[in-house]
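Single-letter residue listing:
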Amino acid sequence: MKLSKRVSDISESMTLKLNAKAVQLTNEGRKIFNLTAGQLPFRPMSDFIDGIKSESDFLKSYQYSPVPGYPELRTKLLNYFETSRGVSLKDCNYDCIVGNGGKHVISNILASIIDPEDEVVVITPFWVSYPEIINLYGGQTVFVETSIYDAFVPNIEAIEKSITDKTKAIILNSPNNPTGTSYSSEWMNQFAELLKRHPDLYVISDEIYYELSFFDPGPTYFYQQHPELLERTIVVDGISKNLACTGLRIGYCYGPKELISAMSRLQGQTASGANSLVQKALISFDFSNIERFLEPIKQHLRENANLLRDCLHDQSLGKIWYQPNSAFYYMIDFSQCPVMERFKNSTDESEDYSIQICEEILDKLGVAMVPGIAFGLPNSARISLVSQKEDFREAMQLVVDYLTQS
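Residues numbered from 1 in each chain as written. Predicted model: local features only at pLDDT ≥ 70, side-chain atom pairs only at ≥ 80, totals over all residues. Heavy atoms only, no water.

1. A look at the nonpolar core
Step number 1: F48, F222, L282 and I383 are the most contacted members of the largest nonpolar core, which totals 133 residues.
Step number 2: For this core, the element with the highest residue contribution is helix 12 (residues 290-314), accounting for 10 residues.
Step number 3: Among the nonpolar cores identified, the runner-up in size contains 6 residues, and L18, L25, L362 and A368 belong to it. (Core = buried A, V, L, I, M, F, W, Y, C linked by side-chain atoms within 4.5 Å. Buried < 20%, exposed > 50% of the residue type's maximum accessible area, 1.4 Å probe, protein only. Helix = DSSP H or I, 4+ residues; strand = E, 2+ residues; numbered from the N terminus.)

Following this line, the structure appears as structure tokens:
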């Protein structure tokens with residue numbers, strides 16, 4: 001069968017692939033520490049589950065929803081955006097659309113704003129799907145690199161140098177997947193000044209981990225200090241992370257009405273409206289309860305982050321430590337560990353061994369991690385901080401013992 005070039009060029013999601021392999025090995029009877037998870041292994045809050053059960057009694061909860069989402073829910077989400085971010089949309093021509101998860105929403109955004117050869121600036125390390133979706137629609141990804149030495153905070157000058165007359169958008173992901181960091185208020189203010197110098201750029205602000213900040217200060221955004229920039233800002237959010245509901249596939253975005261209208265037309269011809277039952281439950285759900293639900297989860301993430309820090313320092317690997325403060329990930333830098341001496345077969349500093357290292361750790365030690373090359377950061381791996389404390393401690397001890405052996 002001859003497949004289209006479009007689909008032939010798409011790579012399989014490394015995170016989903018590794019997670020599937022870890023699950024398979026577990027089912028075969030091996031003890032596997034799965035640190036690939038991009039989801040919280042916690043039951044969603046009972047208020048929300050009860051809302052779904054209640055709505056299941058009504059016929060309309062099983063029928064087509066409006067393509068952009070139920071009007072009551074969209075209004076509620078816009079109000080929540082104003083309250084949670086501390087901004088006013090009164091004088092802003094803003095709207096909201098509900099899609100089938102954050103990934104679907106991001107795909108629709110990029111399909112609606114980029115033409116072939118348009119450039120989109122992406123900061124590395126990046127969420128695995130950004131470049132793949134950009135490529136799907138004929139765009140060109142321009143990468144701006146960061147490093148562990150600056151805790152993966154991008155340099156404003158480097159971003160500005162990446163902008164050309166072909167640049168259509170910049171994707172900002174704070175709190176960040178895969179690094180578990182967020183950008184400071186000072187950085188956001190500098191970024192706002194950059195945007196003012198380039199008035200034709202869109203910003204896609206992926207804020208899916210907004211509520212999952214477990215060390216102060218919490219995330220802030222450029223448009224909070226400079227609300228006039230909202231007119232070309234598209235904010236992505238959803239319930240996958242903050243309500244531990246990845247499988248229910250509800251994402252949404254806020255943006256200029258003209259763009260939201262275009263996305264609705266596109267969605268109407270592809271996926272139609274998102275899950276009607278879950279949307280109905282969200283209409284009656286009290287979003288102010290999210291903070292209460294996440295508090296013990298954030299405490300759990302803090303404890304595992306501290307455990308990881310101690311584990312690295314105990315094995316003299318403090319040089320690969322940086323402070324994660326949000327989301328639930330950490331990037332382990334192999335390049336500065338003794339184990340790299342066993343893999344290096346050339347003086348080429350750019351050669352990547354992350355896949356080999358992660359495969360060996362999984363096969364020999366039973367610890368599943370995602371190779372950093374999938375996120376654009378060679379010789380590293382992303383780990384998730386969500387595992388139960390004792391399992392996480394055991395897994396990290398196995399990993400750091402491995403990394404210190406040359």
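2. Thoughts on the packing of aromatic side chains
Two descriptors summarise a pair of aromatic rings, namely the distance from one centre to the other and the angle between the planes of the rings.
Step number 1: With the rule as written, the count across this model stands at 23 aromatic pairs.
Step number 2: Summarising the aromatic geometry, the rings of F126 and F143 are spaced 5.2 Å apart at their centres and angled 25 degrees between planes, so their arrangement reads as stacked. With F126 in the loop between strand 3 (119-123) and helix 6 (129-136) and F143 in strand 4 (residues 140-144), this pair connects stretches of sequence that are 17 residues apart.
Step number 3: In this structure F143 comes out as partly exposed when scored by relative accessible area, which is 41%.
Step number 4: Here W321 and Y330 contribute two aromatic rings whose centre-to-centre distance is 5.4 Å and whose plane-to-plane angle is 20 degrees, an arrangement assigned as stacked. Each member of the pair W321 and Y330 is classed as buried.
Step number 5: Grouping aromatic residues by their ring pairs yields a cluster made of F81, Y94, Y183, W187, F191, Y210, Y221, F222, Y223, Y252 and Y254.
Step number 6: One residue, R85, lies across the ring of Y210, its end atom 3.9 Å from the ring centre.
Step number 7: The lysine or arginine in question, K280, covers the ring of Y70, its NZ or CZ lying 4.5 Å from the ring centre. (Phe/Tyr/Trp six-rings, centres within 6.5 Å; stacked < 30°, edge-to-face > 60°. Lys NZ or Arg CZ within 6 Å of the ring centre and 35° of its normal.)

3. What about the pattern of salt bridges?
Two side chains of opposite charge can pair, provided their charged atoms sit close to one another.
Step number 1: Taken as a whole, this structure holds 16 salt bridges when the rule is applied.
Step number 2: What emerges from the salt-bridge pattern is a single network uniting R85, E207 and D237. (Salt bridge = Lys/Arg side-chain N within 4 Å of Asp/Glu carboxyl O.)

4. Considerations on the sheet that holds strand 2 (residues 94-99)
Step number 1: The sheet built from 7 strands is open, its strands ordered 2-8-7-6-5-3-4 with mixed pairing. With partners counted over all chains shown, the strands left at the sheet margins are strand 2 and strand 4, one partner each. Taking each pair of neighbouring strands and ignoring which way they run, the sheet shows an average axis angle of 20 degrees.
Step number 2: The pairing of strand 6 (residues 202-206) with strand 7 (residues 233-238) spans 4 bridges and is classified as parallel. By the bridge assignment for strand 7, S205 is matched with V235.
Step number 3: With respect to the sheet, helix 4 (residues 71-85) is in contact with strand 2, strand 7 and strand 8 (251-256), its orientation differing from that of strand 2 by roughly 115 degrees.
Step number 4: Set on the sheet, helix 8 (residues 185-197) makes contact with strand 5 (167-173) and strand 6; between it and strand 5 the angle comes to about 170 degrees. (Pairing = 2+ DSSP bridges. Axes fitted to C-alpha atoms, helices over the stretch in contact; angles between N-to-C directions. Contact = heavy atoms within 4.5 Å.)

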